[in-house]
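Given next are the chains, with one letter for each unit.
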Number of protein chains: 4
Amino acid sequence: MLIVMQNSATDADVKNICDVVRSLKLESHPMPGAQRTAVCITGNKGSVTPEHFANLPGVKEVIRVSKPYKLVSRETKQDDTVINIGEHAVGADFTMIAGPCSVEEESITMRLAEKIKKSGIDFFRAGAYKPRTGPYAFQGLGEEGLRILAKVKQELSMHVVTEILDTETLPMVAEVADIIQVGTRNMANTSLLKQLGKVKNPVLLKRGMSATLDEFLQAAEYIMAGGNYNVILCERGIRTFNDHCRNTLDIAAIPVLRERTHLPVIVDPSHAAGLTRFVAPLTLAATAAGAQGIIIEAHDKPTEAYSDGQQAYEPAKLSALQQQLHIVREAIAID
Amino acid sequence: MLIVMQNSATDADVKNICDVVRSLKLESHPMPGAQRTAVCITGNKGSVTPEHFANLPGVKEVIRVSKPYKLVSRETKQDDTVINIGEHAVGADFTMIAGPCSVEEESITMRLAEKIKKSGIDFFRAGAYKPRTGPYAFQGLGEEGLRILAKVKQELSMHVVTEILDTETLPMVAEVADIIQVGTRNMANTSLLKQLGKVKNPVLLKRGMSATLDEFLQAAEYIMAGGNYNVILCERGIRTFNDHCRNTLDIAAIPVLRERTHLPVIVDPSHAAGLTRFVAPLTLAATAAGAQGIIIEAHDKPTEAYSDGQQAYEPAKLSALQQQLHIVREAIAID
Amino acid sequence: MLIVMQNSATDADVKNICDVVRSLKLESHPMPGAQRTAVCITGNKGSVTPEHFANLPGVKEVIRVSKPYKLVSRETKQDDTVINIGEHAVGADFTMIAGPCSVEEESITMRLAEKIKKSGIDFFRAGAYKPRTGPYAFQGLGEEGLRILAKVKQELSMHVVTEILDTETLPMVAEVADIIQVGTRNMANTSLLKQLGKVKNPVLLKRGMSATLDEFLQAAEYIMAGGNYNVILCERGIRTFNDHCRNTLDIAAIPVLRERTHLPVIVDPSHAAGLTRFVAPLTLAATAAGAQGIIIEAHDKPTEAYSDGQQAYEPAKLSALQQQLHIVREAIAID
Amino acid sequence: MLIVMQNSATDADVKNICDVVRSLKLESHPMPGAQRTAVCITGNKGSVTPEHFANLPGVKEVIRVSKPYKLVSRETKQDDTVINIGEHAVGADFTMIAGPCSVEEESITMRLAEKIKKSGIDFFRAGAYKPRTGPYAFQGLGEEGLRILAKVKQELSMHVVTEILDTETLPMVAEVADIIQVGTRNMANTSLLKQLGKVKNPVLLKRGMSATLDEFLQAAEYIMAGGNYNVILCERGIRTFNDHCRNTLDIAAIPVLRERTHLPVIVDPSHAAGLTRFVAPLTLAATAAGAQGIIIEAHDKPTEAYSDGQQAYEPAKLSALQQQLHIVREAIAID
């Protein structure tokens, strides 16, 4: 931590800071400058926060230097985390996930899953429990949805990705899901994150819509601190002043996350785009920026979809899209 | 809903829109203009969303006209909602709430509560369960914290405001809390909101840090739709590019919310300010803008506070602050 | 400046940093910590920037400590700057400025100015040159507008505030204007700022719509560095994701600016509100937060205004508003 | 335009709206709904704005339907604009531009230009006039810089791209520049845009750091309305709450702009990344999203660069990067 003093701060003010630092069992290093003094603090084990100093006399600003996370950090673990699911290795192989926003009635869901499987994609996404903005929107099929997902899994040998909303439904969801998804609205639901630290299923954690990368990584740290090391990070667009798309895909988050953490980083282009016709360019861009996978909303009859039809991608086009992705990945592999 | 057609849209495209509208049991009103046609849709009961039309041929843009909430709306209920707690009427009287960020050990908490009570404030806030950004920060005293709050309530005849994090702890929290607080991180935790619709305690709902006012009102609608009509809205600052304070207090949200809804609107200046010395100006500004109450973090030894000490207000100064607020409220009452 | 090293950085990396620092005629202070080393740099005269170090081997992050402005800083000059215009002292007295968005035809402009004068306000604002978002919107009356402003000045003994768009029109504008206004779109127009450093007129500098306070203060520094010390800062709302008002009034910017600088700080509630009915609450809030003046758009026939009629305040109501402001200022003067 | 009435609006309120519409020589179409009436307005030629209606009795909201630009619109001109510069066709060929942030002393600049030319890039960028955030930063070599650029042009047969800051220096800049660049700070400098409408040089217009796409397109419309149809749009990152990169590259802006306008769209990855090591992933992503060119800051001795060295790309690596771009463009060309 670095404490910057006002240029009117007295020697007594600086001494007082050093005393407080010592009382916290840390070391202080005053650094007199031409205009003002700064005090460097070392030995910080994470328990000391800016609030210990911000109101002390003579203090102008308190600057945090070290990052507040450990297990997720690339500095703690150099090698990429690889999560094996069936024969697929998330973090090593490129991971394609597709499916409708919500689980729909059995015949529709099976039809969609078959089409997606046929395009060569083994991961099927669909929400049984939906966190909608308003209470009058469709809230998901619930347990019936989980039953349908179990059928997709069994009959089509696909891996299933579905969202968790609360700890009450966690046991049921954990039984079906190959990957449990935490949506953007629940990224900071710390009670839920703690429970997810105790299950064995890999967790796909979406970035909160206004979370900084450090907050995002700390949410992952909650899960890892609980004992579940299989966390997949998902960038899905942030909230900005932009009005031309649903969310602003933060493309730079991909290389920055890959530098800061060893966890796999995938991208959801659908919620960023908000409209079907912008899904493909965002998918290609995310791959070019170094994403290790894509989770995409797909439906063959978008105007009849239970939810989010306006951004649904045509399953029949998934094969062609994957071919393009393949070439893009070859391009970025050149060194 | 209004559907704006591309200027290259054909008559067949427009007819197709009208057919889809009719299939949804709504009425369409094509409106040919000099450059393009727009189609107005009437009879919408909320079940139709832009996704039904966004991908149809010839469509340029779909504009939502009606608001997606009902019970919270000032158009549904003209008069201000008033929530009686003891002898205090939230929404009619000006509501002052103060206390430390976290419940601290019994002797400290009682000392703080007494000081706050002495300043004329009857509502005591303190978190027993804390939703911290990272897993290694202090997470609250939990049940022990609730026990201490019960003591504050009983011995000092104060009303207690405390935060809920999950449905597991809801029964215990609901037993002690005069007002249950939902923090900014959980504003969109729809499972929790649904459960809060079933309890009798008034709910203080904080705005999500990047929620639009319509999303904020829909979160309140979740609680009201469940049967709990006693919701208090709390503006606490939003996330922007600003780096000079913890959150950007959205002062205009106050008059706009008071126009859109009948629910009481209060303000948390502490999380917006982030530093003690900016709490008073924000408190005065919020009151001048029409806030119906203030919830403030207070501590007499900020550098020893368990959390958020850097923004804690000195309890000894609360009396003077209230005098200032009283004058400001007189000023705005002039018509 | 503080350079934070990666925890994999070698002693040679640290030595290399120190060598570079020395080559820049500065002093380095390596600070080894448990996990990583930080290097404090002192003696910085402002010529060294993070780019000198960001790409060096082993560097994780470069943190700037000192502020990049001098003349505007409260640390340089403790006392509030006071700008005398006629008998009015901006920065000491509370400064009310009102008028239409654009200068309109002579008879309308004179009528509006008279009404404003009658309410007790001596500063008349109106744009002769208008920086509109699109080229087909009304661009102002130009020189004819300046002529009308001169008449307002002479016949009504009012002080005139009008906007500057470029250096070509600066001589003409400077002849009429008692205060030259720089709009939000030109806050970072450094060529214009440099020219304004050479005139004698006080300058009212509006904050850019996405400027941090440090960028805002550096824009003021441009003017002061040129020799013109009479700069008035104006907060007018920033751009955020909010969709309920035209701009998000950054109320906390007021106390923060007043701490960082000695320059007068006023507020434009009209462009923040965007709608007439929210102008009064924002005016009262800004005053409560410590603003030293208000600049307000006023028109008696808003639907006929040449521009921005939807946010125009009724001149007949300005007297009552000032009474309210007076009481609010009494409230905040209590200590 | 669509005017949404309050549900308490009377028939007289609606009639009043229609009367105002008629007085503006437009047609009104009242549309009674279950809860409220909306009034559609047709015949709008762009002269009518929401401010004509926002304050009328009974009005809840005014929604703008048509876009406020014409010449830039893809609806006005279907085919991509192609700008021929030498043998290169911007908008048809993929356009690579590279060079240092500032023009540096002659020998350095020539060395850099040669290296860039050798990598196969014919467009050299460098600023002679620099719009720096603060007045004490290096402001560019000015006329001497233009002289050096002229030499690059003549001796190396490169095309030169350089920034314009004001109309005073426009004649000199226009004489040297093959493309005149308008920086993010001046996107809304309407006086400058108008002057650029009168020159013959193509203009590279950077998006303002908080401009919506419609505002960006209107800035281009200013130039085209003046008679200069050769405008190149440049996305360079927007300002958001993100703290992990200098600006947030708005990758979705690329396909959205290409849909809305026929003008060429290129991307500046350097100012978005802010750090050298993130420039390549953003370049590849922008290309994958459909950008028609890249403008990149390049320097062979970043720590000695006059400005922005921390984001400078090594010229020696430009060949390899172009090979990767070539493959990415082949991938997206597949249909």
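Residues numbered from 1 in each chain as written. Chains lettered and ligands numbered in written order. Predicted model: local features only at pLDDT ≥ 70, side-chain atom pairs only at ≥ 80, totals over all residues. Heavy atoms only, no water.

## Some details on the relation of the copies chain A and chain B
The following threshold applies: We superpose the copies by least squares over the C-alpha atoms of residues that have a pLDDT of at least 70 in both of them. Contacts are residue-level and defined by heavy atoms, with any inter-residue pair within 4.5 Å sufficient.
With an axial shift of 0.0 Å and an RMSD of 0.0 Å, the rotation relating chain A to chain B amounts to 180°. Such a combination of rotation and displacement between the chain copies is what one expects of a two-fold axis. For chain A, the smallest separation between a C-alpha atom and the rotation axis is recorded for serine 210 of chain A, amounting to 3.1 Å. The fraction of interface residues of chain A whose copies in chain B are also interface residues reaches 100%, indicating that both copies meet through the same surface.

## Describing the relation of the copies chain B and chain C
With an RMSD of 0.0 Å, the fit of chain B onto chain C corresponds to turning through 180° and sliding 0.0 Å along the axis. Interface overlap between copies: 100% of the residues of chain B at the interface are likewise at the interface in chain C, consistent with a symmetric, same-surface contact.

## Quick word on the packing of aromatic side chains
Operational definition: Ring geometry is summarised as follows: Phe, Tyr and Trp rings, the Trp one being its six-membered ring, pair when their centres sit within 6.5 Å, and such pairs are stacked at plane angles under 30 degrees, edge-to-face over 60 and tilted between the two. A run of DSSP states H or I qualifies as a helix once it reaches four residues; a run of E qualifies as a strand once it reaches two. Both are numbered from the N-terminal end. For every residue, the accessible area (1.4 Å probe, protein chains only) is compared with the maximum for its type, and the residue is labelled buried under 20%, exposed over 50%, or partly exposed between those bounds. Charge-over-ring placement is defined geometrically: NZ (Lys) or CZ (Arg) within 6 Å of the ring centre, and within 35 degrees of the ring normal.
Tallying each qualifying case throughout the model produces four aromatic pairs over all chains. Consider the rings of phenylalanine 138 of chain C and tyrosine 306 of chain C, whose centres lie 5.1 Å apart with planes at 90°: the pair is edge-to-face. Residue phenylalanine 138 of chain C is located in the loop between β8 (123-125) and α3 (143-156), and its partner tyrosine 306 of chain C is located in the loop between β14 (293-297) and α10 (318-333); the two are separated by 168 residues in the primary sequence. Under the relative-accessibility criterion, phenylalanine 138 of chain C is labelled partly exposed at 28%. Classification of tyrosine 306 of chain C by relative accessible area gives partly exposed; the value is 28%. A cation over a ring is seen here: lysine 70 of chain B above tyrosine 136 of chain A, with NZ or CZ 4.7 Å from the ring centre.

## Looking at the sheet that holds strand β1 (residues 2-5) of chain D
All names here are of chain D. Test applied: Should DSSP find at least two bridges between two strands, the strands are taken to pair. Where helices are involved, their axes are fitted lines through C-alpha atoms of the stretch in contact, as for all axes, and angles between N-to-C directions lie from 0 to 180°.
One open sheet holds the four strands; their spatial order is β2-β3-β1-β4, and the pairing between them is antiparallel. Of all strands in the sheet, those with a lone pairing partner are β2 (27-32) and β4 (59-63), marking the two edges. Here the average twist between neighbouring strands, direction ignored, is 20°. Sheet contacts for helix α1 (residues 11-23): β1, β2, β3 (37-42) and β4; angle to β2, the most-contacted strand, approximately 160°.

## A closer look at empty space enclosed by the protein
To keep it simple, the criterion reads: Any residue with an atom within 4 Å of a point lines the site, the site being either a cavity, points on a 1 Å grid over the protein atoms alone where a 1.4 Å probe fits but cannot get out, or a pocket, an open set with protein on both sides within 12 Å along at least 5 of 7 lines. Grid points are joined across faces, edges and corners, and a volume is the space filled by probe spheres set on the points.
For the structure on display, the rule yields nine cavities of 30 Å³ or more. Each pocket or cavity is described by its volume, and for the largest cavity that value is around 120 Å³. Around the largest cavity sit 14 residues that line it, and Phe241 of chain A, Arg239 and Thr240 of chain C together with Arg239 and Thr240 of chain D are the ones nearest its centre.

## Details of the interface of chain B and chain C
Where interface size is quoted, it is often the accessible area lost as the parts come together. Just so we agree on the cut-off: Here the quantity called buried area is the accessible surface, traced with a 1.4 Å probe, that two parts lose on coming together, added over both. Salt bridge, as applied in this entry: a Lys or Arg side-chain nitrogen positioned within 4 Å of an Asp or Glu carboxyl oxygen. Under this definition, polar contacts are N or O atom pairs within 3.5 Å; protein pairs additionally need one hydrogen-donor-capable and one acceptor-capable atom, and for neighbouring residues in sequence, both atoms have to be side-chain atoms. Three classes are used: nonpolar for Ala, Val, Leu, Ile, Met, Phe, Trp, Tyr, Cys and Pro, charged for Asp, Glu, Lys and Arg, and polar for all others, with Gly counted as polar.
Chain B puts 38 residues into the contact, and the matching count from chain C is 38 residues. Each partner contributes to the roughly 3200 Å² buried at the junction of chain B and chain C, and carbon and sulfur atoms together form 72% of this total. There are two salt bridges connecting chain B and chain C. A salt bridge links arginine 277 of chain C to glutamate 259 of chain B; the shortest N-O distance between them is 2.5 Å. At the junction of chain B and chain C, the tally comes to 12 residue pairs in polar contact (both at pLDDT 80 or more). Residues that form the side of chain B that touches chain C fall into these classes: 24 nonpolar, seven polar and seven charged.

## A closer look at the sheet that holds strand β1 (residues 2-5) of chain B
For sheets, the rule is that strands pair by backbone hydrogen bonds, running either parallel or antiparallel. Residues and elements named next belong to chain B. Strand order in the open sheet formed by four strands is β2-β3-β1-β4, with antiparallel pairing between adjacent strands. Because the sheet does not close on itself, it has two edges, and the strands there are β2 (27-32) and β4 (59-63). Sheet twist, expressed as the mean angle between neighbouring strand axes with direction ignored, is 20°. In this structure, β1 lies alongside strand β3 (residues 37-42), joined through three bridges in antiparallel fashion. When the sheet's bridge partners are listed, valine 4 is paired in β3 with alanine 38. In the packing of helix α1 (residues 11-23) onto the sheet, the strands contacted are β1, β2, β3 and β4, and the crossing angle to β2 comes to about 160°.

## Describing the domain arrangement of chain A
Keep this limit in mind: For the domains described, the bounds stem from an automatic or database domain assignment.
In terms of domains, chain A is made up of domain 1 (2-63) and domain 2 (83-331). A C-alpha centroid distance of 44 Å is found between domain 1 of chain A and domain 2 of chain A.

## Notes on the pairing of strand β14 (residues 293-297) of chain D
The side chains of a regular strand alternate, residue by residue, between the two faces of the sheet. Residues and elements named next belong to chain D. Burial within β14 is extensive, with five of its five residues counted as buried. Here strand β7 (residues 95-99) runs beside β14; their pairing, made up of five bridges, is parallel. Looking at β14, one finds that glycine 99 is bridged to glutamate 297.

## Examining the nonpolar core
This is how the line gets drawn: The term nonpolar core refers to a set of buried residues drawn from Ala, Val, Leu, Ile, Met, Phe, Trp, Tyr and Cys, joined through side-chain atoms within 4.5 Å.
Leu196, Leu205 and Ile251 of chain A together with Leu196, Leu205 and Ile251 of chain D are the most contacted members of the largest nonpolar core, which has 159 residues in total. Residue contacts for leucine 196 of chain D: discarding those within four places in its chain leaves Ile164, Leu170, Ile180, Val182, Val203, Ile223 and Asn228 of chain D. Counting 158 residues, the second largest nonpolar core, distinct from the first, contains Ala98, Val176 and Ala219 of chain B together with Leu213 of chain C.

## Here's the deal with the side chain of threonine 109 of chain C
By secondary structure assignment, the location of threonine 109 of chain C is in helix α2 (residues 106-118). Looking at threonine 109 of chain C, its side chain comes within polar contact range of the main-chain oxygen of glutamate 104 of chain C, at 2.6 Å.

## Brief notes about the pattern of salt bridges
Residues and elements named next belong to chain A. A complete count under the given rule lists 82 salt bridges over all chains for this structure. Two residues, glutamate 106 and lysine 151, come together in a salt bridge whose shortest N-O distance is 2.3 Å. Residue glutamate 106 is located in helix α2 (residues 106-118), and its partner lysine 151 is located in helix α3 (residues 143-156); the two are separated by 45 residues in the primary sequence. Glutamate 106 gets classed as partly exposed once you look at its relative accessible area, which sits at 25%. Its relative accessible area of 23% is what places lysine 151 among the partly exposed residues.

## Concerning the packing of helix α2 (residues 106-118) of chain D against helix α3 (residues 143-156) of chain D
Residues and elements named next belong to chain D. Put simply, the test is: By convention the crossing between two helices is left-handed if the near helix lies anticlockwise of the far one by an angle smaller than a right angle, and right-handed if it lies clockwise.
Where α2 meets α3, the closest approach of the two axes is 10 Å, and the angle between their N-to-C directions is 40°. In this structure, α2 crosses over α3, and the sense of that crossing is right-handed. Every residue of α3 that contacts α2 at Glu106, Thr109, Met110, Ala113, Glu114 and Lys117 is listed here: Arg147, Ile148, Lys151, Val152, Glu155 and Leu156. Split into classes, the residues belonging to the contact of α2 with α3 amount to five nonpolar, one polar and six charged.

## Here we look at the environment of leucine 205 of chain B
All names here are of chain B. The topology assignment puts leucine 205 in strand β11 (residues 203-206). Separated by 60 residues in the primary sequence, leucine 205 and valine 265 place their C-alpha atoms 9.7 Å from one another. Once residues within four sequence positions are removed from consideration, leucine 205 is found in contact with Val182, Met187, Leu193, Phe216, Ala219, Ala220, Ile223, Val231, Ile232, Leu233 and Cys234.

## Re the environment of threonine 240 of chain B
Here threonine 240 of chain B is to be found in the loop between β12 (231-235) and α7 (253-260). Each C-alpha atom of the pair threonine 240 of chain B and glutamate 297 of chain B lies 22 Å from the other, and the pair is 57 residues apart in sequence. Excluding residues that lie within four positions of it along the chain, threonine 240 of chain B makes contacts with Thr248 of chain B, Ile238 and Thr240 of chain C together with Phe241 of chain D. Among the polar contacts made by the side chain of threonine 240 of chain B, one reaches the main-chain amide nitrogen of asparagine 242 of chain B at a distance of 3.1 Å.

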